[in-house]
Amino acid sequence: MASTPLTSTAEDKRAALRARLSSVAARDETAERYRRHANPYIARMLDGLGIDVHYVRGEGTRLYDGAGNEYLDFAGAYGALPFGHNPPEMWKAISAVRDSGEPSITLPSVLGASALLAERLAAVAPGHLDQVWQCNSGAEAVEAALKLARAATGRRLVVSTHNSFHGKTLGALSATGRPRYQTPFGAPSAGFHHIPFGDPEALRQIFGEHPEDIAAFIVEPVQGEGGIVPAPPGYLATARELCTRYGAKLIVDEVQTGLGRTGRLFACEHHDVIPDIMPLAKALGGGMVPIGAVVFGQDSLSEDFGLRHTSTFGGNAFCSRVGVGAVELLTADDRALVRQVARRGDHLLAGLREVASRHPELVADVRGQGLLLGVQLSDDPDLHARQGLFRSLADQEGLAGFLCGYLLRDEGIRLAPAYFANSVLRVEPPLNVSGADCDTLLGALDRGLDVIERGDSARFFAHLLPASERLASKRPAAAASPTEDAAATPRPTRLRPREGEPRWAFIAHPTDLASYESYDGRLGLPGEQVRVLFDRMNQCRNVDTAAAMLVGRCRVETDTGESSYGEIFALPYGAQRLLDMPSAQSTALVQEAVDDAVARGAQLVGLGAYTSVVTANATALRDVPVPVTTGNAYTVAAAVDGLEEAARQQDIGLGEACCVVLGGAGAIGLASSLLLSEKVGRLVLVGNPANRARSERRLAAALESVVGHLMEADDVPHAGALARSVRARASTDASARAIAADLVEQGLLTASVDAEAVLPAGDLVLAATSTPDQLIQPELVRRGAAVCDVSQPPNVGPRLKAARPDLRVVAGGLVQLPGGRDLGVDFGVPSGVTYACTAETMVLAHRLHDPVVSHGDKLSVDLVRMLRDEARKLGYRLYLPTDTDHQRQGGPHA
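Residues numbered from 1 in each chain as written. Predicted model: local features only at pLDDT ≥ 70, side-chain atom pairs only at ≥ 80, totals over all residues. Heavy atoms only, no water.

Considering the sheet that holds strand S25 (residues 749–752)
Piece 1. What the 6 strands build is an open sheet, ordered S25-S24-S23-S26-S27-S28; its pairing is parallel. Each edge of the open sheet is held by one strand with a lone partner, namely S25 and strand S28 (808–811). On average, adjacent strands in this sheet sit at an angle of 15° to one another, irrespective of strand direction.
Piece 2. When strand S23 (residues 658–662) meets strand S26 (residues 764–767), the two strands line up parallel, connected through 4 bridges. (Pairing = 2+ DSSP bridges. Helix = DSSP H or I, 4+ residues; strand = E, 2+ residues; numbered from the N terminus. Axes fitted to C-alpha atoms, helices over the stretch in contact; angles between N-to-C directions.)

A few points about the sheet that holds strand S20 (residues 563–570)
Piece 1. Here 5 strands make up an open sheet; going across it, the order is S19-S20-S18-S21-S22 and the pairing mixed. Only two strands of the sheet have a single partner each, and these edge strands are strand S19 (549–557) and strand S22 (628–629).
Piece 2. Sheet topology note: the S19/S20 ladder contains 8 bridges and is antiparallel. Its bridge partner lying in S20, methionine 549 is registered against alanine 570.
Piece 3. Across the sheet, helix H22 (residues 583–599) lies against strand S18 (503–508), S20, strand S21 (604–607) and S22, angled at about 150° from S21, the strand it touches most. (Contact = heavy atoms within 4.5 Å.)

So, the confidence of the model for the chain
Piece 1. Scored by pLDDT, the chain has a mean of 87; 90% of the residues are at 70 or more.
Piece 2. Here residues 1–8 scores under 50 on pLDDT; set against residues more than four positions off or in separate chains, the count is 16 contacts.
Piece 3. Across residues 470–490, where pLDDT falls below 50, the model places 30 contacts with residues more than four positions away in sequence or in other chains. (pLDDT = per-residue confidence, 0-100.)

Observations concerning the nonpolar core
Piece 1. Core analysis: the largest hydrophobic core is formed by 184 residues, its most contacted members being Phe217, Leu348, Leu403, Phe461 and Tyr876.
Piece 2. At 14 residues, the largest contribution of residues to this core is made by helix H12 (residues 317–357).
Piece 3. Apart from residues no more than four positions distant in its own chain, tyrosine 876 is found in contact with Val556, Tyr634, Gln816, Leu817, Pro818, Ala839, Met842, Val843 and Ala871.
Piece 4. In terms of nonpolar packing, the next biggest core, distinct from the first, is built from 27 residues, Leu589, Val598, Ala602 and Leu621 among them. (Core = buried A, V, L, I, M, F, W, Y, C linked by side-chain atoms within 4.5 Å. Buried < 20%, exposed > 50% of the residue type's maximum accessible area, 1.4 Å probe, protein only.)

Observations concerning the packing of helix H27 (residues 721–730) against helix H28 (residues 736–746)
Piece 1. It is the contact of H27 with H28, at a shortest axis distance of 11 Å, that shows an interaxial angle of 135°. The pairing of H27 with H28 is recorded here as oblique in orientation. For the crossing formed where H27 meets H28, the hand is right-handed. Here Leu722, Ser725, Val726 and Arg729 of H27 come into contact with H28, specifically with Ile739, Asp742, Leu743 and Gln746.
Piece 2. Split into classes, the residues belonging to the contact of H27 with H28 amount to 4 nonpolar, 2 polar and 2 charged. (Parallel < 35°, antiparallel > 145°, perpendicular 65-115°, else oblique. Left-handed = near helix turned anticlockwise from the far one by under 90°. Nonpolar A, V, L, I, M, F, W, Y, C, P; charged D, E, K, R; others polar.)

A short note on the side chain of serine 673
Piece 1. When you line up the elements, serine 673 lands in helix H25 (residues 667–677).
Piece 2. Note on serine 673: relative accessible area 0%, which makes it buried.
Piece 3. Ignoring any residue separated from it by four or fewer positions in sequence, one finds serine 673 in contact with Val661, Gly664, Leu683, Leu685 and Val706.

Digging into the pattern of salt bridges
Piece 1. Summed over all chains, the structure comprises 43 salt bridges.
Piece 2. Its salt-bridge partner being arginine 409, residue aspartate 52 comes within 2.7 Å of it at the nearest N-O pair. With aspartate 52 in the loop between helix H3 (40–49) and strand S1 (55–59) and arginine 409 in helix H14 (residues 399–411), this pair connects stretches of sequence that are 357 residues apart. Here aspartate 52 matches arginine 409 in class, with each residue buried. (Salt bridge = Lys/Arg side-chain N within 4 Å of Asp/Glu carboxyl O.)

Observations regarding the packing of helix H26 (residues 692–712) against H27
Each pair of packed helices gets described by two things: the angle between the helix axes and the distance between those axes.
Piece 1. Where H26 meets H27, the closest approach of the two axes is 9 Å, and the angle between their N-to-C directions is 70°. Considered as vectors, H26 and H27 are oriented roughly perpendicular to each other. Taken together, the residues of H27 that come into contact with H26 (itself represented by Val707, Leu710 and Met711) are Leu722, Ala723, Val726 and Arg727.
Piece 2. Taken together, the residues of the contact of H26 with H27 sort by class into 6 nonpolar, no polar and 1 charged.

Describing the side chain of arginine 868
Piece 1. Among the secondary structure elements, arginine 868 is positioned in helix H32 (residues 861–874).
Piece 2. What makes arginine 868 buried here is its relative accessible area of 14%.
Piece 3. Looking at arginine 868, its side chain comes within polar contact range of the side chain of aspartate 641, at 3.1 Å.
Piece 4. Apart from the residues within four sequence positions on either side, arginine 868 is in contact with Tyr634, Ala637, Val640, Asp641 and Leu675. (Polar contact = N/O pair within 3.5 Å; in protein donor to acceptor, adjacent residues only side chain to side chain.)

Description of H22
Piece 1. For H22, which comprises 17 residues, the first-to-last C-alpha distance of 24 Å matches the rise-based estimate of 24 Å (1.5 Å per residue) to within 8%.
Piece 2. Buried within H22 are the following residues: Ser586, Thr587, Leu589, Val590, Gln591, Ala593, Val594, Ala597 and Val598.
Piece 3. Contact partners of the buried residues in H22: S18, S20, helix H21 (575–580), S21, helix H23 (610–613) and S22.
Piece 4. Within two residues after H22, glycine 601 carries a phi angle of roughly 120°, on the positive side. (Expected span 1.5 Å × (residues − 1).)

As for the environment of valine 661
Piece 1. Tracing the chain through its elements places valine 661 in strand S23.
Piece 2. Taking relative accessible area as the criterion, valine 661 reaches 0% and is therefore assigned buried.
Piece 3. For the pair valine 661 and leucine 766, spaced 105 residues apart in the sequence, the C-alpha separation amounts to 4.8 Å.
Piece 4. Among residues more than four places away in sequence, those in contact with valine 661 are Gly669, Ser673, Leu676, Leu683, Val684, Leu685, Val686 and Leu766.

Overview of the pairing of S23
Piece 1. For S23, the tally of buried residues reaches 5 of 5 residues, placing the bulk of the element in the interior.
Piece 2. Burial of S23 is two-sided: the residues Cys658, Val660 and Leu662 facing one way and the residues Cys659 and Val661 facing the other way are all buried.
Piece 3. By the bridge criterion, 5 bridges tie S23 to strand S24 (residues 682–686) in an arrangement that is parallel. The partner of cysteine 658 across the bridge, within S24, is arginine 682.
Piece 4. Following the chain from S23 across H25 to the adjacent parallel S24, one finds a crossover that is right-handed. (Right-handed = clockwise from strand over helix to strand, strands pointing away.)

Re the pairing of S20
Piece 1. Among the 8 residues that make up S20, 8 are buried, leaving the element largely enclosed by the rest of the structure.
Piece 2. Here S18 pairs with S20 via 6 bridges, running parallel. From the neighbouring strand, arginine 503 faces S20, where its bridge partner is tyrosine 565.
Piece 3. Where S19 folds back on S20, the antiparallel hairpin that results is connected by 5 residues, among which glycine 561 adopts a positive phi of roughly 90°.

Section: helix H4 (residues 88–100)
Piece 1. In this model, H4 (13 residues) spans 18 Å end to end at C-alpha, consistent with the 18 Å of a helix rising 1.5 Å per residue.
Piece 2. Within the span of H4, buried status applies to Met90, Ala93, Ile94 and Val97. Down the axis of H4, the smallest arc covering the buried residues is 95°, so these residues share one side. The exposed residues of H4 that point more than 90 degrees off its buried face are Pro88, Lys92, Arg98 and Asp99.
Piece 3. Each element contacted by the buried residues of H4 is listed here: H12.
Piece 4. Among the residues trailing H4, glycine 101 stands out with phi positive, at a value near 75°. (Arc of directions from axis to C-beta.)

Quick look at unusual backbone geometry
Piece 1. Omega for the bond connecting leucine 107 with proline 108 falls within 30 degrees of zero, at -5°, which places this linkage in the cis form.
Piece 2. Topologically, proline 108 is positioned in the loop between H4 and helix H5 (112–124).
Piece 3. In this structure, proline 188 follows alanine 187 across a cis peptide bond, with omega equal to 0°.
Piece 4. Along the chain, the position of proline 188 falls in the loop between helix H8 (179–182) and strand S6 (192–195).
Piece 5. The phi torsion at alanine 618 lies on the positive side, around 75°, for a residue other than glycine.
Piece 6. Within the element layout of this structure, alanine 618 appears in the loop between H23 and S22.

Quick notes on the packing of aromatic side chains
Piece 1. This model, assessed by the stated rule, comprises 16 aromatic pairs.
Piece 2. When the ring of tyrosine 55 is compared with that of tyrosine 71, the centres are 5.4 Å apart and the planes differ by 85°; the resulting orientation is edge-to-face. Of the two residues, tyrosine 55 sits in strand S1 while tyrosine 71 sits in strand S3 (residues 70–73), which places them 16 residues apart along the sequence.
Piece 3. Pairing phenylalanine 165 with tyrosine 419 gives two aromatic rings, centres 6.0 Å apart and planes at 80°, and the pair type is edge-to-face. In this pair, phenylalanine 165 is assigned in the loop between strand S5 (157–161) and helix H7 (170–175) and tyrosine 419 in the loop between strand S16 (416–417) and strand S17 (424–427), connecting sequence segments 254 residues apart.
Piece 4. Taken together through their ring pairs, the aromatic side chains of Phe390, Phe402, Tyr406, Phe460 and Phe461 make up a single cluster.
Piece 5. Residue placement shows arginine 57 over the ring face of tyrosine 64; its charged tip is 4.0 Å from the ring centre. (Phe/Tyr/Trp six-rings, centres within 6.5 Å; stacked < 30°, edge-to-face > 60°. Lys NZ or Arg CZ within 6 Å of the ring centre and 35° of its normal.)

The following block contains the structure:
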């Protein structure tokens, strides 16, 4: 089907739909009630994806919200809507129960409606399956199937497949092949084994290893939550043959595929295979009631099961009568509806493949049977070049979920991703969906994929912003024509690590509002609105989603001819958000990000900005099998070099100059102070006033460390007044503490928690704090001073340069990469430039044979000097931008 061009009328309708949806969400108290009292985690996920719509009416394939907006439902309640919403035939069955006065729950007694449903299911079931046990859900049906098999065979081992889904009760979950969903609940229980799906050799091997132990092999004919993956030809036949040979039961889980979904009444019929036991549910309730059933042969029935596995509500008259109605509707006119499903499924599958052919890089596969189809999006982030959000979501297999939100809000199309395969769009409409509805879906999906392919993130994510902020935002001129921009942007080279090449990872986060803004320039939003968007999107993280987003891959080639391969990740939380979190939570986020990076192959991990702060300079991380560096040592080297160069440009003589270090008791501030103390005349260390007593203790220890360093230092070239004074006292028996006290009295050393009081004394100012506040204001700095800021977010406010042209202000910690090569990652700094903390990770990647890292509160001056020398050898150079350079302090991730 060809893509349908948007008419102005269609565009206006969708714009009106978005506006109405926002107003409804703002005043809808139902979502808040659900969040508070039902399931806050699901509520946050729905909100994060933008699919938190409260539907008030349903009819056929249509749903309606409180504002009257219409949605075409292609999610279909995971297969539980065989006839759409509120099918009149099912209401007729319900009304008949009411009118007859038949009692619904009469255990223990003969259950007439239950017996009738059992007879109808036995009549249409394949082969010899003529026994039916009824329950309330698919998970219960699977539980019963497992107990049937164990009781009938006297064995305990149940074999299942990886990525299978069989339910969430403990036995069904044990059969489910997804460890991350099992572990929190103590599953799998003993007696379960998982093998690869669709692999007949793995099946033969497990039967060969346990010929007399296997009670059952349970398998889905189409893995639903595993990504809509049909069993390959011959696989179920092999399973049937092996189960028969070894006396095990073949359980074909038809909870989702059964009763018409695949174009046959049961999916096993496509394979000419008759199982021993067949769980059913979903469609059996006709889209109206919860009901499940297990269909099996008499050779699987035992006295233990018959007398000891019962259900209070299973087989109740109300649900059984609806089930009878559903079976009758499916089998009417020689199964006309099921045959229609086969035709409609072929049409829809062909249409989806045609759409995929127009987006060959974005759509990796289209597969399925009947009206259980899957569209798998590529998880290759390189397809999205510099498109920040699209690139990160693709890598995390999260793009399909957000595409569902876009299609719902912009196109009125309801889809859902597969549960275990988040990159797969599940296409599962009611069985009576029309051809016109299918064509509507195809056109909408084509347009949605086109928006992604053009990199039009402003349009794609607009529905996640509050209406007021969305209306206030404007696309920047540079992004006014997404189609032209996308056409002009060449596809990036798909970087992959070379054999034997050192591999590193770097983890950081946005540091300020400008960082958010630069993350994805195509959003066309100010940083505050991007932060609102990120905060909302963060709500939909699930157990399969990585803590950090991949924001780039790069290869660094040094002047010595060596290379390294790196992956750069960003936690989607700003500095203040990380500081406000409980320390255990923020540390856990960084720990998870580090673990994920290592799992992807990193041999060294670097931390940037507050990922280092919240983990106590990496000391809070546990059981990391590779070196972790904070980047602090090379940051110190670059900061000191940067401040000295700024002083030279201001013609400030270091030997008599007063140097003020903000954050002087921290890891970076203290190490910088040790090096600066060798050359300056006076040194002022400033601490955090928030905890005065603690800061004063730390500052006193820092002053003593400065004196101790100068006492032990060899002859220092170009020693300043401070170093000379210490050396003059070093020959006495005075302790470092006593000398420090003496120098404090003379004014050569000062400790303070009042930045405003001491800043005006500084000829040199180095900011190395972990506060997000802008401490250095124009009125506080001495005329003609040199200022170096390595804090992230910056301590230098945007007013300083404009108000004080007499100052030399540098964003310290910036280095030029070997050869000025561009990383291909937007750090908010000029091309060919990166932050020193990032560069430290790159430099140390070439020392994996002898790893030395920045770690903990105390940095070795020897390590700082070694890294400076190593970096210079490899081709890293201090970067000092000129006033004409377009440069923003505070990169998005560093």
